[in-house]
Amino acid sequence: MDDETTSNQSAPPDESERDPVFIYEDKIFQREKLLDVDHVPESTERIVGRDEHISRMASAINPVLFNSPPTHLIIYGKTGTGKSLIARHITQRLSTEAARENIDVETIRIDCGTRSTEAEAVKTLARKFNDEEITGVSVPEKGLGTGDYYDRLWEVVEQQCDVVFFILDEIDKLKSDEILRNLSRAGEDNNVTNTSIGVIGVSNKIDYSDTLSERVKSSFQYEDIVFKPYDANQLREILRKRKDAFKDEVLSEDVIPLCAALCAKEHGDARKAMSTFRNAGKVAREQDKEKVTEEHVYAGKERAEMDRFNELIRGTPPQGKAILLALTLLTEKTDSDGHSTRSIYNAYEQITGQIDMDCLSERRVGELLEEQDFLNVIQAERTSRGRGKGMYKEHRLLEETDIVKEVLVSDSRFDNWR
Ligand SMILES: Nc1ncnc2c1ncn2[C@@H]1O[C@H](COP(=O)(O)OP(=O)(O)O)[C@@H](O)[C@H]1O
Ligand SMILES: [Mg+2]
């Protein structure tokens, strides 16, 4: 075995023996990582058009440098407006600065979209931050109540840093807002912890603060900052500043302007622009091309949309998917794009009738539609039937029918609708 390995290493590779299903050199990317959604660029140079947001957030958290508590923040804006990026960027910058003053500032970020209860969120914060070897504290996956998870979190925080920022990403997906109150109160109470606490809530819903409970409104003091969508010029700049993700000479001239223009037309979403850009490169690579062209951009955009929709419905149970399929088929069939619960229910009944699936009650279907609205998969609007005839709800898809359908039918249960 050893002999074989040695001789393999020293012999030059025989190209004719290569399996043609693989490629052996990345002709397209040199640093694909730069295009990861979660990548936080080291250089401020790569961040476009957010100077004002950066400086306002810097002022809010700045007091940490002179041992005063930071101001809490809630930042709002549609998907892909740079909220997560800027929140992480600014806390990272503060940590570096604070380290020079011997102040240990740490940041813990969680995605509330995947942990929708307060207990889950607090547990995740504690587990993510805890280094059991340092603290001697264990934070079990199961078995503790919300209050106990908070206690463990404070023990961990107290031992591990002077200041901690909690970035609660997608906070609008959290079923309760109590966490804001509990985190901020602990920061004010030296009996709970001596560590200073800053909360940065990140919301995709602009009206999030209107939905806060009175209890939270009266005790959680914060500043809010709105992130507006980018225009085509800004998107183009954002992509240009990451074009070294690709090898030299690989991008044809129209690739960046086209990605930017296509994504600005919808709603100025840098996430979509970035993933369209990256997917265009991937498509070209799969086709073993040496250049990325316009046609790859279109294919890349479609892939980006499917990825996004897939991500959005991840965790949606089969019944929820059947309901979405019902709405999709209706939308395809008719010109109007809003549909009542009743008509969606009728279409859903037909779907479940054709495959081996239980048919839920209309009321339950209504609830599941509400859930999808809450998760931003669809949009529901109260509509009037006309004077004096009452109100009803109309639902519409937020993504194009082709994309939604393609994603849904990739679940083999729905093979019939391929
Ligand atoms: N102003 C910007 N400059 C450079 N890149 C940006 C900017 N805004 C967003 N991006 C990039 O776009 C993608 C989406 O941004 P993100 O911060 O995740 O948006 P949000 O949290 O608002 O949905 C990320 O890859 C991010 O690096
Ligand atoms: Mg985000």
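The coordinates are above.
For clarity, every value in this text was computed on a predicted model and none was experimentally measured.

Quick question: what am I supposed to make of the sheet that holds strand S6 (residues 339-340) here?
Through backbone hydrogen bonds, the strands of a sheet pair up, either in parallel or in antiparallel fashion. Strands sit in the order S6-S8-S7 across an open sheet of three strands; the sheet is antiparallel. Edge positions in the open sheet fall to S6 and strand S7 (378-384), since each of these has one partner strand only. Sheet topology places S7 next to strand S8 (residues 391-397); seven bridges connect them, and they run antiparallel. Within the sheet, the bridge partner assigned to Gln379 lies in S8 and is Arg396. Helix H13 (residues 318-333) rests against S6, S7 and S8 of the sheet, and its axis sits at about 85 degrees to S8.

When you look at the nonpolar core in this model, what are you seeing that I'm missing?
A general trend in soluble globular proteins is that nonpolar side chains are found buried together. Of all hydrophobic cores here, the largest spans 34 residues; its most connected members are Leu153, Phe166, Leu168, Leu180 and Leu183. If you list the elements that add at least two residues to this core, you get strand S1 (72-77), strand S2 (105-111), helix H4 (118-129), helix H6 (146-160), strand S3 (163-169), helix H7 (178-188) and strand S4 (196-203). When residues of this core are assigned to their parent elements, the largest contribution, six residues, is made by H6. In this view, Leu168 contacts Ile110, Cys112, Leu125, Ile179, Leu180, Leu183, Val199, Ile200, Gly201 and Val202; residues no more than four positions away in its chain are not counted.

Just to check I follow, could you spell out the packing of helix H2 (residues 51-61) against helix H3 (residues 83-100) for this structure?
Geometrically, a packed helix pair is captured by the angle between its two axes and the distance between the axes. Packing of H2 against H3 brings their axes to within 10 Å, and their N-to-C directions diverge by 50 degrees. As judged from the angle between their axes, H2 and H3 are oblique. Crossing handedness for the pair H2 and H3: right-handed. The segment H2 lies against H3, with Ile54, Met57, Ala58 and Ile61 engaging Ile86, Ala87, His89, Ile90, Thr91, Arg93 and Leu94. In terms of residue class, the contact of H2 with H3 is built from eight nonpolar, two polar and one charged.

Parameters and conventions
- Residues numbered from 1 in each chain as written.
- Chains lettered and ligands numbered in written order.
- Predicted model: local features only at pLDDT ≥ 70, side-chain atom pairs only at ≥ 80, totals over all residues.
- Heavy atoms only, no water.
- Pairing = 2+ DSSP bridges.
- Helix = DSSP H or I, 4+ residues; strand = E, 2+ residues; numbered from the N terminus.
- Contact = heavy atoms within 4.5 Å.
- Axes fitted to C-alpha atoms, helices over the stretch in contact; angles between N-to-C directions.
- Core = buried A, V, L, I, M, F, W, Y, C linked by side-chain atoms within 4.5 Å.
- Buried < 20%, exposed > 50% of the residue type's maximum accessible area, 1.4 Å probe, protein only.
- Parallel < 35°, antiparallel > 145°, perpendicular 65-115°, else oblique.
- Left-handed = near helix turned anticlockwise from the far one by under 90°.
- Nonpolar A, V, L, I, M, F, W, Y, C, P; charged D, E, K, R; others polar.

Interpretation in functional terms is not warranted from these geometric data alone.
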